Protein chains: 2
Amino acid sequence: MELDDIRQAISSTDQQLLQLLAKRRELALAVADAKLGQNKPIRDQKREQELLLSLIAQGKALGIDAQYVTRIYHVIIEDSVLQQQAKVQGQLNGENGPSVRVAFLGGQGSYSYWATQKYFTRRAERIIELGCDSFNEIVQAVETGHAEYALLPIENTSSGSINEVFDLLQHTRLSIVGELTHPIAHCLLGIPGAELSKVRQVCAHPQVIAQCSQYLLGLSNVKIDYCDSSSAAFVKVKERQDPTVIAIGGEEGGQLYGLEVLARDLANQKDNVSRFIVVARKPVSVAKAIPAKTTFIMYTGQQPGALVEALLVLKQHGISMAKLESRPIPGNPWEEMFYVDVFANLADYAMTRALEELNNITKFVKVLGCYPSEDIEPTQVSAS
Amino acid sequence: MELDDIRQAISSTDQQLLQLLAKRRELALAVADAKLGQNKPIRDQKREQELLLSLIAQGKALGIDAQYVTRIYHVIIEDSVLQQQAKVQGQLNGENGPSVRVAFLGGQGSYSYWATQKYFTRRAERIIELGCDSFNEIVQAVETGHAEYALLPIENTSSGSINEVFDLLQHTRLSIVGELTHPIAHCLLGIPGAELSKVRQVCAHPQVIAQCSQYLLGLSNVKIDYCDSSSAAFVKVKERQDPTVIAIGGEEGGQLYGLEVLARDLANQKDNVSRFIVVARKPVSVAKAIPAKTTFIMYTGQQPGALVEALLVLKQHGISMAKLESRPIPGNPWEEMFYVDVFANLADYAMTRALEELNNITKFVKVLGCYPSEDIEPTQVSAS
């Protein structure tokens with residue numbers, strides 16, 4: 001076969017593949033509809049296992065290996081589960097209108113911008129973007145009604161928790177209504193013609209600088225220029241049109257500003273992932289069919305063993321913790337507030353009881369929100 | 001639609017999807033055939049970008065989002081590239097017979113077992129498995145002709161380099177002919193009925209223990225039992241049939257021994273990946289159409305600046321380094337040997353010249369092998 005003919009055949013295969021992926025997604029949503037009111041969990045890992053084993057056997061007959069089939073279907077299954085969860089939640093809490101206004105850090109091309117696209121694509125036909133210059137401005141946009149939702153980064157595998165956001169959560173009346181994780185792949189980006197050896201100025205958000213600290217130590221004679229967001233860094237580099245001035249950010253973001261990659265994989269940890277939370281004025285309920293997380297803050301006081309006692313309450317009710325983080329209370333520099341994420345639905349009897357007991361033994365407890373967990377652990381099967 | 005009907009429709013969609021994936025893989029191999037002799041790179045990232053943009057536009061028309069299309073096609077493109085590379089290499093160096101004998105650490109279900117499956121599935125119809133108890137035994141199996149290939153783990157994102165393997169490479173006559181990376185997801189696995197709170201003994205390979213050190217600090221009153229491999233740990237737990245004795249290893253590996261997961265994500269770093277090398281008695285050539293890596297060891301002597309001078313040679317020839325690692329020379333405890341991975345083909349003029357110069361300025365240089373790089377960096381596009 002000639003190269004052009006083969007490429008033609010690949011194009012038509014791809015077109016059919018996309019049609020099937022679209023059809024399969026519709027069928028997954030039809031399953032969510034059919035299960036409605038049955039109160040059965042959206043996800044059935046035993047069923048997924050059987051599915052994978054059957055697909056692997058079919059793949060083998062067609063000459064494709066188990067590893068390939070598994071990798072493709074982990075993506076397909078994750079998508080199905082998240083689509084179904086979004087649908088069930090929409091039915092329970094009221095669907096969004098055709099468009100949603102979302103506040104996030106930076107403009108087009110920032111990491112928060114991509115995370116916003118990822119999260120809301122499943123939930124609204126159109127996203128009205130409200131790019132902001134600071135976390136404070138983002139929270140205010142929702143508090144004052146300028147936006148319906150805000151997206152905030154809360155932690156990162158390389159740089160840890162983003163304290164500024166934790167501190168804002170102490171004082172806001174907003175509720176956490178969702179979460180997502182998003183891979184963060186930092187690149188050095190410059191205007192066409194820029195060269196790594198001639199770089200004199202690096203523009204980036206302070207969190208990004210922290211995540212790439214080890215790489216940056218290796219660059220000599222370079223000035224760090226802190227920007228409000230990765231997209232602000234892109235704008236600056238584009239406007240300056242100076243090949244010695246470069247930005248750190250995502251490759252696809254930089255492309256929006258005509259920037260080219262000079263180096264990749266800058267983060268201290270090879271797999272750099274950020275977790276974001278979604279906040280809104282009104283809390284949501286999480287359907288029983290969906291795994292839920294609840295986030296609350298508590299102030300235990302400083303008597304010895306105070307934290308252990310609080311954690312024992314969770315243990316006694318069989319509630320497992322996803323995260324525990326302490327933060328100073330503003331104005332009381334030696335006292336600590338605890339942030340706790342648990343795998344539990346606020347409407348569960350165990351969680352209600354645990355919160356009552358925590359109320360009795362601590363000085364202060366405040367629930368920040370209960371929301372669907374978007375950690376879709378891939379189902380493993382032994383393919384042998 | 002009734003749930004059963006929807007499920008039927010999903011099954012038939014899946015069957016068609018697999019057929020298309022198999023067809024697309026065949027077409028990718030046909031491309032490699034058609035390009036043969038043209039000496040053009042297998043991978044054309046500009047073409048991939050155009051492909052992704054066109055697929056994203058088609059997807060949008062079908063109601064599926066850019067992120068989903070991109071994730072699916074990153075898997076498909078990586079598979080195509082690796083299939084094509086394996087085919088081109090087979091044509092250049094002689095195809096394997098219908099079966100290959102491969103030596104690796106542990107038995108069915110060890111991490112090396114899965115990596116062996118992943119690597120050789122593209123390269124032979126049947127893998128004859130030669131499970132070994134130590135790295136030394138693995139290398140000997142190939143040296144003596146009991147196996148044609150061996151697979152050795154060389155580094156891990158959580159625990160770093162595996163020194164024992166580096167030291168074996170100093171003395172072997174085998175050549176590195178390939179590499180691969182494989183995600184390592186450590187779980188606690190016990191017999192049905194085992195409970196996390198009652199665990200008294202943890203069986204695992206010492207490297208695995210090192211990779212999970214932070215998690216293990218949190219378990220009190222637990223005895224660590226070092227095993228030769230993860231599969232050896234599974235065998236022990238299965239044979240003991242004691243719910244207080246558990247193993248650390250991969251979930252799909254544990255399933256082969258009837259073990260169930262008690263906890264996941266044990267590694268110190270969330271995304272835990274191991275890099276493996278493949279060794280054989282005869283070196284291979286790497287086709288010009290494929291990105292190559294070359295690994296060599298050198299002993300520079302101890303005069304000041306010796307290493308810098310050696311690295312300057314690489315820089316002057318425009319050769320970039322993927323890895324540099326120092327290891328003591330056995331018997332000479334205060335002298336260091338350097339292991340160097342570079343992104344270069346041994347047959348390149350620049351690499352030949354660089355090695356000649358290194359020969360002149362160092363006391364000793366030995367090439368361990370030149371092999372196709374399997375790091376397939378996904379092509380990014382701006383979907384907006």
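Only a predicted model underlies this, so the values are computations on that prediction, with no experimental measurement involved. (Residues numbered from 1 in each chain as written. Chains lettered and ligands numbered in written order. Predicted model: local features only at pLDDT ≥ 70, side-chain atom pairs only at ≥ 80, totals over all residues. Heavy atoms only, no water.)

J.: So what exactly am I meant to see when it comes to the UniProt feature "binding site: substrate" (unreviewed entry) in chain A here?
T.: UniProt records the feature "binding site: substrate" (unreviewed entry) at R7(A), R24(A), K35(A), D44(A), E48(A), S80(A) and Q84(A), using the numbering of this structure. Spanning 78 residues, the annotated positions stay apart in the fold, the maximum distance between their C-alpha atoms being 41.9 Å. Within the element layout of this structure, R24(A) appears in helix α1 (residues 3-35). The contact partners of R24(A), leaving out residues within four places of it in the chain, are L51(A), Y73(A), I76(A), S80(A), I10(B), T13(B), D14(B) and L17(B). (UniProt positions renumbered as here; feature names shortened; annotations may be inferred. Helix = DSSP H or I, 4+ residues; strand = E, 2+ residues; numbered from the N terminus. Contact = heavy atoms within 4.5 Å.)

J.: Sorry, what's going on with the relation of the copies chain A and chain B here?
T.: What relates the two chain copies is a rotation about an axis together with a slide along it. Least-squares fitting of chain A to chain B yields an RMSD of 0.1 Å, with the transformation described by 0.0 Å of translation along the axis and a rotation of 180°. On the angle and the small slide along the axis, the relation comes out as a two-fold axis. Taken as a fraction of all interface residues of chain A, those also at the interface in chain B reach 100%, which identifies the copy contact as same-surface. (Least-squares fit on C-alpha atoms with pLDDT ≥ 70 in both.)

J.: Please explain the sheet that holds strand β8 (residues 223-226) of chain A as it appears in this structure.
T.: All names here are of chain A. The strand order across the open sheet formed by five strands is β8-β7-β9-β6-β10, and the pairing between neighbours is mixed. Since the sheet does not close on itself, it has two edges, and those belong to β8 and β10 (260-263), each with one partner. Across this sheet, the average inter-strand angle for adjacent strands is 35°, counted without regard to direction. In this sheet, β10 lies alongside strand β6 (residues 187-190) in antiparallel orientation, the contact comprising three bridges. Residue pairing for β10: L188 is matched across the bridge by A263. (Pairing = 2+ DSSP bridges. Axes fitted to C-alpha atoms, helices over the stretch in contact; angles between N-to-C directions.)

J.: Would you take a moment to explain the domain arrangement of chain A for this structure?
T.: What the domain assignment reports for chain A is domain 1 (3-91), domain 2 (99-184 + 273-280), domain 3 (187-263) and domain 4 (292-372). Summarising the inter-unit geometry, the C-alpha centres of domain 1 of chain A and domain 4 of chain A are found 38 Å apart. (Domains from an automatic or database assignment.)

J.: Would you mind showing me how to read the sheet that holds strand β7 (residues 201-204) of chain B here?
T.: The strands making up a sheet associate through backbone hydrogen bonding, with each pair oriented either parallel or antiparallel. Residues and elements named next belong to chain B. Taken in spatial order, the five strands line up as β8-β7-β9-β6-β10 in an open sheet, and their pairing is mixed. A single partner strand is all that each edge strand has here, and the edge strands are β8 (223-226) and β10 (260-263). Averaged over all adjacent pairs, the angle separating strand axes in this sheet is 35°, with direction ignored. Taken together, the three bridges between strand β6 (residues 187-190) and strand β9 (residues 245-249) define a ladder with antiparallel strand orientation.

J.: When you look at the nonpolar core in this model, what are you seeing that I'm missing?
T.: The nonpolar side chains of soluble globular proteins are, as a tendency, buried together. Within the largest apolar cluster, 60 residues are counted, with the highest numbers of intra-cluster contacts made by Y73(A) and Y73(B). For this core, the secondary-structure elements that each account for two or more residues are α1, α2 (45-62) and α3 (66-93) of chain A together with α1 (3-35), α2 (45-62) and α3 (66-93) of chain B. Not counting chain neighbours up to four residues away, the residues in contact with Y73(A) comprise R24(A), L52(A), L55(A), D14(B), L17(B) and L18(B). (Core = buried A, V, L, I, M, F, W, Y, C linked by side-chain atoms within 4.5 Å. Buried < 20%, exposed > 50% of the residue type's maximum accessible area, 1.4 Å probe, protein only.)

J.: What is the right way to read the interface of chain A and chain B from this model?
T.: It is common to give the size of an interface as the accessible area that goes away when the parts come together. Of the residues lining the interface, 65 residues belong to chain A; the matching set on chain B comes to 65 residues. Applying the counting criterion to the chain A and chain B interface returns six salt bridges. Linking R24(B) and D14(A) is a salt bridge whose minimum nitrogen-to-oxygen distance equals 2.6 Å. The interface formed by chain A and chain B includes 10 residue pairs in polar contact (both at pLDDT 80 or more). Looking at the side of chain A that touches chain B, the elements that each hand over two or more residues are α1, α2, α3, α4 (111-121) and α10 (251-255) of chain A. For the side of chain A that touches chain B, the element with the most residues is α1(A), which contributes 23 residues. Split by residue class, the side of chain A that touches chain B holds 30 nonpolar, 17 polar and 18 charged. (Salt bridge = Lys/Arg side-chain N within 4 Å of Asp/Glu carboxyl O. Polar contact = N/O pair within 3.5 Å; in protein donor to acceptor, adjacent residues only side chain to side chain. Nonpolar A, V, L, I, M, F, W, Y, C, P; charged D, E, K, R; others polar.)

J.: Just checking my understanding: could you explain α1(A) for this structure?
T.: At 3.6 residues per turn, the α-helix brings residues three or four places apart onto the same side. Between the first and last C-alpha of α1(A) there are 48 Å, a value that for 33 residues agrees with the 48 Å anticipated at 1.5 Å per step. Immediately beyond the C-terminal end of α1(A), within one or two residues, lies G37(A), with a positive phi of roughly 85°. (Expected span 1.5 Å × (residues − 1).)

J.: Can you walk me through the pairing of strand β7 (residues 201-204) of chain A in this structure?
T.: Within a regular beta strand, the side chains point alternately toward one face of the sheet and then the other, so they alternate between its two faces. Residues and elements named next belong to chain A. Burial along β7 is two-sided: the face carrying Q201 and C203 and the face carrying V202 and A204 are both buried. Pairing of β7 with β8, which is carried by four bridges, proceeds in the parallel orientation. Note on β8: the bridge partner recorded for A204 is Y226. Here three bridges tie β7 to strand β9 (residues 245-249), and the two strands are oriented parallel to one another. Opposite Q201, over in β9, you have V245 as the bridge partner.

J.: Looking at this structure, how should I read the pattern of salt bridges?
T.: A pair can form between side chains of opposite charge whenever their charged atoms are brought close. Residue and element names in this part refer to chain A. Within this structure, the stated rule accounts for 44 salt bridges over all chains. Ionic pairing is found between D79 and R122, a salt bridge with its closest N-O pair at 3.0 Å. Residue D79 is found in helix α3, and its partner R122 is found in the loop between α4 and β2 (126-132); the two are separated by 43 residues along the sequence. The class of R122 is partly exposed, set by a relative accessible area of 22%. Counted as one network, the salt bridges with shared partners bring together E155, E179, R275, K293, K323, E325 and D341.

J.: Would you mind showing me how to read the packing of aromatic side chains here?
T.: Two aromatic rings, taken as a pair, are described by how far apart their centres are and by the angle between their planes. For the structure shown, the criterion picks out 12 aromatic pairs over all chains. Where F166(A) meets Y339(A), the ring centres are 4.8 Å apart and the plane angle is 80°; that geometry is what we call edge-to-face. Here Y339(A) lies in strand β14 (residues 332-342) and F166(A) lies in helix α6 (residues 163-171), a separation of 173 residues in the sequence. Here F166(A) matches Y339(A) in class, with each residue buried. When the ring of F120(B) is compared with that of Y149(B), the centres are 5.1 Å apart and the planes differ by 50°; the resulting orientation is tilted. Remark: Y149(B) occurs in strand β3 (residues 149-156) and F120(B) occurs in helix α4 (residues 111-121); sequence separation between them is 29 residues. The same class applies to F120(B) as to Y149(B), namely buried. Here the guanidinium or amino end of R123(A) rests over the ring plane of Y119(A), the centre of that ring lying 3.7 Å away. (Phe/Tyr/Trp six-rings, centres within 6.5 Å; stacked < 30°, edge-to-face > 60°. Lys NZ or Arg CZ within 6 Å of the ring centre and 35° of its normal.)

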